Amino acid sequence: MRQTIIVNMKKIILSLLCVLSMQMMAQTNMELAKKALDNDDFSLVIEYTTKQIAEQPKDVEAYAYRAIAYGTIEEYGKALKDADMAIACWNKKCKDLTFADLYALRATVYEQIDELEKALADYNMAIKKDSKNVKSYINRAEFYYNTQLYEKAEADYRAALRMDEENSTIKIEIARCLLAQPKLDEAYSILNTLTKLEPRNEEACRLLALVYLYKEDIKEFIDQYILYLELASDGDLSPLSHGAAVEYSYTIRAITRALNNSDNKAYWLGVRARVERENAHYEEAVEDLKRMEIIYGDTIENPFVYYQMALSYDGLYDYPKSIKYYNLLLNYEERIGSPNPFDYVNRADAYLNNNEVDKALADCDKALSLATEGVSHIYYVRGWINDMARNYEAAFDDYNKAIKADDGLSSTVYVMRGKKYLLYKNDSVRAKADFEMALQLDTTIEGGSNRHYALMYLGRITEAKAWIAKILDAEPEDVGQYYDAACLYARMGEKEKAVDFLRQAFDLGYRNLNHIAQDDDLDSLRDCKDFNELVNKYKQEKIGDLFNKL
């Protein structure tokens, strides 16, 4: 939401000041300030407007410019002071700025510092000062939408539409509010009409596709979303992958039709590859990505291909090739000066699975040096790597740091630290506290739940078994969940059941033999004949596969 507010702030001030009076344009400081604002050079905006204010202490436009500059660089106190001054200095000679404009500006600053009551009061005042100002209703509607007051947002957008009846953008925003409530039939009525009148309206096409998705009319959703992607080649592919989880074959056929009818073969190969990869069809994804590589040739770098290849080979348990593509991706990112810390985290996981622990830890350290958010997750991953390497003290230290950082923290880190307290530190009191915290945070089976481990370590065995059974019922094709069940039952000492779950994981395609060798959850099985026969069978299969490839 924060980024949305910043964008809205710039949008508001730019719309307020886009037309300057001839008198204002003649003022060199203000002309330079406007150019600096256009170039997002906020320090220069502040410099020129400050000079202007020194010469003309009641220049409303100068205060408004400086307010947006201060607000964007997060000097909110100064931004509010300038917004106050702009309002105080306003008079009827200010033809380019209205009272309503300035209240909307100050409201946006209040939004940025979460002073929502004050923001709303200013949005209300903007409408009170000029009840026929379309922008004022739109600004308040955006505020209502951002604060999830969708009915009020809809009402304000409808008020704006009554004053500007042919405005397609306002109609789209009304539909967005209806989707959020959700009033799907009303949203469909608006969007279906709009897409007929404006068939190349990207956002109308996208929202209409989402109506079909929310109605669970998956085939209609897929067809409509393909139409949207034909208009917006940089569109978000995540919804399409979601639809493919329900209608995979239909989705692939629809993408293939678009591929065959398009001159941009590389784009649609990429769409198909991502859908294939996200639905665990890794070999098909690799083939499509190889075709993309041929189209681009050796001289064109493509980070999308590198990333999707890395993930696809990871899904195929081919960690050397996964690492190869992470190397290409990170080399590219470093060369253009924008390395993604979480690409280092992903490569660290591949290094771990390739038994290169030192490189995995080095990548985590690099990620920590770059990250400005998600630090707790990186510490957790580094702790996990140390855990797998049996560096338990280092793992414990990383889990502590993850919990201390606490930005987007999951329940898993509490399970892992609790496990260290219980099995390594012999501190059952702190272990219990961590497991209880994990239970508070982890209440649904979706999204990688580890609640069954916390229940098991707390001695609530029946509940632990019931929870993992729920997960398996909900995700019967997820190989990782069967592996997880094997680990759980191995920890509970039920070796035969653990081997059976591991066998099911192998039957579904699990092949991470390096992880099995490292995982202390399975230590109780290492002297078990059935376990060793099962693992050796797939070791021989892997050797045979490598031989055939050679």
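See the structure shown above.
All of these numbers come straight from a predicted model, not from anything done at the bench. (Residues numbered from 1 in each chain as written. Predicted model: local features only at pLDDT ≥ 70, side-chain atom pairs only at ≥ 80, totals over all residues. Heavy atoms only, no water.)

Caption draft 1: Structural view of the overall build of the protein. Per the secondary structure count, the protein includes 32 helices and 0 strands. Expressed as lengths along the three principal axes of its C-alpha atoms, the size of the protein is roughly 90 × 60 × 50 Å. Counting only residues that meet the buried cut, the protein has 51% of its 550 residues in that class. Of the contacts formed within the protein by residues at least 6 apart in sequence, a portion of 52% connects residues at least 24 apart. Summed over its atoms, the accessible surface of the protein is roughly 26,900 Å², and 49% of this surface lies on carbon and sulfur atoms. Looking at the protein, you have 70 positive and 92 negative side-chain charges, and the mean spots of the two groups are 3 Å apart. (Helix = DSSP H or I, 4+ residues; strand = E, 2+ residues; numbered from the N terminus. Buried < 20%, exposed > 50% of the residue type's maximum accessible area, 1.4 Å probe, protein only. Contact = heavy atoms within 4.5 Å. Areas by Shrake-Rupley, 256 points an atom, 1.4 Å probe, with all protein chains shown as cover. Lys, Arg positive; Asp, Glu negative; His and termini not counted. Charge placed at Lys NZ, Arg CZ, Asp CG, Glu CD.)

Caption draft 2: Region of the structure containing the packing of helix H11 (residues 168-180) against helix H13 (residues 202-214). Interhelical geometry of H11 versus H13 gives an angle of 20° and a closest axis separation of 10 Å. Taken together, the axes of H11 and H13 are roughly parallel relative to one another. Seen along the crossing, H11 lies across H13 with a hand that is left-handed. When H11 is examined against H13, the residues Ile172, Arg176 and Leu179 are found in contact with a partner set consisting of Glu203, Ala204, Arg206, Leu207, Leu210, Val211 and Tyr214. Taken together, the residues that form the contact of H11 with H13 break down as 7 nonpolar, no polar and 3 charged. (Axes fitted to C-alpha atoms, helices over the stretch in contact; angles between N-to-C directions. Parallel < 35°, antiparallel > 145°, perpendicular 65-115°, else oblique. Left-handed = near helix turned anticlockwise from the far one by under 90°. Nonpolar A, V, L, I, M, F, W, Y, C, P; charged D, E, K, R; others polar.)

Caption draft 3: Up close: the side chain of lysine 419. Its place among the elements puts lysine 419 in helix H25 (residues 412-423). Reaching out from lysine 419, the side chain makes a polar contact with the side chain of aspartate 520 at a distance of 3.2 Å. (Polar contact = N/O pair within 3.5 Å; in protein donor to acceptor, adjacent residues only side chain to side chain.)

Caption draft 4: Layout of the packing of aromatic side chains. Under the defined criterion, the tally for this structure stands at 20 aromatic pairs. Arranged with centres 5.1 Å apart and planes meeting at 10°, the rings of phenylalanine 435 and tyrosine 457 form a pair that is stacked. Of this pair, phenylalanine 435 sits in helix H26 (residues 428-441) while tyrosine 457 sits in helix H27 (residues 451-457), placing them 22 residues apart in sequence. The residues phenylalanine 435 and tyrosine 457 share a single accessibility class, namely buried. Every member of this aromatic cluster is reached through a ring pair, and the members are Tyr317, Tyr319, Tyr483, Phe506, Tyr510 and Tyr538. If you follow lysine 425 out to its NZ or CZ, it ends over the ring of phenylalanine 396, 4.6 Å from the centre. The ring of tryptophan 467 has arginine 451 sitting right over it, with the charged end atom 5.3 Å from the ring centre. (Phe/Tyr/Trp six-rings, centres within 6.5 Å; stacked < 30°, edge-to-face > 60°. Lys NZ or Arg CZ within 6 Å of the ring centre and 35° of its normal.)

Caption draft 5: The environment of valine 413, seen in detail. Structurally, the position occupied by valine 413 is in helix H25. Owing to a relative accessible area of 1%, valine 413 belongs among the buried residues under this scheme. If we ignore the near neighbours within four places in the chain, the residues touching valine 413 are Tyr380, Tyr399, Ala402 and Ile403.

Caption draft 6: Seen up close, the pattern of salt bridges. The full count for this structure, using the stated rule, is 40 salt bridges. Linking lysine 359 and glutamate 356 is a salt bridge whose minimum nitrogen-to-oxygen distance equals 3.1 Å. The partly exposed category is assigned to glutamate 356, whose relative accessible area is 22%. Several salt bridges converge on common partners, so that one network encompasses Glu173, Arg176, Glu203 and Arg206. (Salt bridge = Lys/Arg side-chain N within 4 Å of Asp/Glu carboxyl O.)

Caption draft 7: Up close: the environment of histidine 452. Summarising the element assignment, histidine 452 is placed in helix H27. You can call histidine 452 buried: its relative accessible area is 0%. A sequence separation of 14 residues divides histidine 452 from alanine 466, and the C-alpha atoms of the two residues are 8.2 Å apart. Beyond its immediate sequence surroundings of up to four residues, histidine 452 is in contact with Ala464, Trp467, Ile468, Ile471, Asp484 and Leu488.

Caption draft 8: Broad picture of the environment of aspartate 263. Along the chain, aspartate 263 falls in the loop between helix H16 (248-261) and helix H17 (265-278). The class of aspartate 263 is exposed, set by a relative accessible area of 80%. Sequence separation between aspartate 263 and tyrosine 306 is 43 residues; the distance between their C-alpha atoms is 23 Å.

Caption draft 9: Geometry of the state of the cysteines. In total, this model carries 0 disulfides according to the counting rule given. The cysteine cysteine 177 is free of any disulfide, with cysteine 205 supplying the nearest cysteine sulfur at 19 Å. Cysteine 177 sits in the buried class, given a relative accessible area of 0%. Unpaired in terms of disulfides, cysteine 528 finds its nearest cysteine sulfur in cysteine 487, a separation of 14 Å. Take cysteine 528: its relative accessible area is 15%, and that puts it in the buried class. (Disulfide = S-S within 2.5 Å.)

Caption draft 10: Here's a closer look at the side chain of threonine 195. Tracing the chain through its elements places threonine 195 in helix H12 (residues 184-197). Setting aside residues up to four positions removed in sequence, threonine 195 forms contacts with Ala204, Cys205 and Leu208.

Caption draft 11: Structural detail: the packing of helix H18 (residues 282-296) against helix H19 (residues 303-315). Their axes nearest at 9 Å, the elements H18 and H19 cross at an angle of 155°. One finds that H18 runs roughly antiparallel with respect to H19. For the pair H18 and H19, the sense of crossing is left-handed. Residues Tyr282, Ala285, Val286, Leu289, Lys290, Met292, Glu293 and Tyr296 of H18 pack against Phe304, Val305, Gln308, Met309, Leu311, Ser312, Tyr313 and Gly315 of H19. Class assignment for the residues of the contact of H18 with H19 results in 11 nonpolar, 3 polar and 2 charged.

Caption draft 12: Seen up close, unusual backbone geometry. Cis geometry is found at the peptide bond from glutamine 181 to proline 182, where omega equals -10°. For aspartate 40, which is not glycine, the phi torsion reads 60° and is therefore positive. Relative to the helices and strands, aspartate 40 is located in the loop between helix H3 (28-38) and helix H4 (42-55). Residue aspartate 40 is classed as partly exposed on the basis of its relative accessible area of 39%. Backbone geometry places asparagine 355, a non-glycine residue, at a positive phi of 60°. Checked against the element boundaries, asparagine 355 lands in the loop between helix H21 (341-353) and helix H22 (357-370).

What is shown is where atoms sit, not what they do.
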